[in-house]
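Notes for the structure review
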Amino acid sequence: PTYFVSLLEQRRMLPEIAKVANFFYDVQLVNAFTEPEQYMDYKSFADWYVKGWKYDNPIVLVDTGPLNAWATSVVKNGNSSRLNFLSATVAVDIAEQLLSPDRPARMEGAPRRVLIVAPYRAHAKLVTVLLRDFTNLQNEVVAGTAHSFQGSEAAVVIFDMVVDEPHFRVNLFMPSLDEDLQGLLTVALTRAKFRLFILGDFDYCQKNGRKAFLGKTLIPFLLKQFPRVDARDIVPEGLAAR
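As a starting point, this report considers the structure included with it. (Residues numbered from 1 in each chain as written. Predicted model: local features only at pLDDT ≥ 70, side-chain atom pairs only at ≥ 80, totals over all residues. Heavy atoms only, no water.)

**Section: the layout of surface pockets**
What the largest pocket holds in volume is close to 770 Å³. Along its surface, the largest pocket is lined by 26 residues, and Ser80, Ser81, Pro119, Tyr120 and Arg121 are the ones closest to its centre. Looking at the lining of the largest pocket, the elements with two or more residues in it are strand 4 (72–76), strand 5 (79–83), helix 4 (121–131) and helix 5 (178–189). When residues of the lining of the largest pocket are assigned to their parent elements, the largest contribution, five residues, is made by helix 5. When grouped by side-chain class, the residues that make up the lining of the largest pocket number eleven nonpolar, nine polar and six charged. The volume enclosed by the second largest pocket comes to roughly 350 Å³. (1 Å grid on protein atoms, 1.4 Å probe; cavity = no way out; pocket = protein on both sides within 12 Å on 5 of 7 lines; lining within 4 Å. Points joined across faces, edges and corners; volume = space filled by probe spheres on them. Helix = DSSP H or I, 4+ residues; strand = E, 2+ residues; numbered from the N terminus. Nonpolar A, V, L, I, M, F, W, Y, C, P; charged D, E, K, R; others polar.)

Take a look at the structure:
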């Protein structure tokens, strides 16, 4: 209708993260700010985020392929879900590394500082279980599915693609589900304000999802635009190793 107006100026995320959002929105979004300090809550983010983290960048691709991780199928009430133990531990390790030891306490009622997002409920539950072992994280880090975080936002988002050997028949690899999955991925990746980490076996996903949006379009775009880091370099002695 002629009385509908598109709201194209975004004020949530850094321009680098908005570049991913624009990948889904046909490059229509315009950044209201150019400097990080102009964004609301950036100062408080800088107060608790570890400055000078070795792999710091607005977007980091964490490659779990070298871990030889595997995905496990979980069936409940006739519905299949998946979890990936090693990538789950990497996500928790990264969250722990990002929080400064001398950070101020999170104010009551304030949003969680880190969201760990997964496309599978079973995996999100596994991450929640792992977080229970870290009393210093429970008040600041929360795990869930993309659907559960719709409408939410956080300074840091860790998105775990989960899928890996030996499962190649998964929703993310099916071209017939591309439209629905683009919506899910849009929600997952645009919750982030200042830092976005994407975890996955990128080679495996690109190969097996080569006919679907994930492998044919999204992953090639991400690999071309952003740094890719070996998960073993980020968490050499982390929870996965222990």
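Continuing now.
**Let's talk about the packing of aromatic side chains**
Taken as a whole and assessed by the stated rule, the structure comprises 16 aromatic pairs. On the basis of an interplanar angle of 90° and a centroid distance of 5.3 Å, the ring pair of Phe45 and Trp48 is categorised as edge-to-face. Of the two residues, Phe45 and Trp48 are both situated in helix 2 (residues 42–48); the distance of three residues between them amounts to about one turn of the helix. With centroids separated by 6.3 Å and ring planes inclined at 85°, the aromatic side chains of Phe221 and Phe226 adopt a geometry described as edge-to-face. A relative accessible area of 15% places Phe221 in the buried class. Following the ring pairs from residue to residue traces out a cluster consisting of Phe23, Phe24, Phe213, Phe221 and Phe226. (Phe/Tyr/Trp six-rings, centres within 6.5 Å; stacked < 30°, edge-to-face > 60°. Buried < 20%, exposed > 50% of the residue type's maximum accessible area, 1.4 Å probe, protein only.)

**Side note on unusual backbone geometry**
Cis geometry marks the peptide bond from Glu165 to Pro166, where omega comes out at -5°. In this fold, Pro166 is placed in the loop between strand 8 (154–160) and helix 5. Despite not being glycine, Asp41 shows a phi value in the positive range, around 75°. The topology assignment puts Asp41 in the loop between strand 2 (30–31) and helix 2. In this structure Asp41 comes out as partly exposed when scored by relative accessible area, which is 42%. Even without being a glycine, Val162 presents a positive backbone phi close to 70°. Along the polypeptide, Val162 turns up in the loop between strand 8 and helix 5.

**A few points about the nonpolar core**
Formed by 46 residues in total, the largest nonpolar core has its most connected members in Val62, Ile94, Ile116, Val156, Ile158 and Phe197. When residues in this core are grouped by element, the largest group, eight residues, is from helix 3 (residues 85–98). With sequence-adjacent residues up to four places away left out, Ile158 is seen in contact with Ala91, Ile94, Ala95, Val114, Leu115, Ile116, Val117, Phe197 and Leu199. Phe24, Val163, Ala188 and Ile219 belong to the second-largest nonpolar core, a separate cluster that totals 43 residues. (Core = buried A, V, L, I, M, F, W, Y, C linked by side-chain atoms within 4.5 Å. Contact = heavy atoms within 4.5 Å.)

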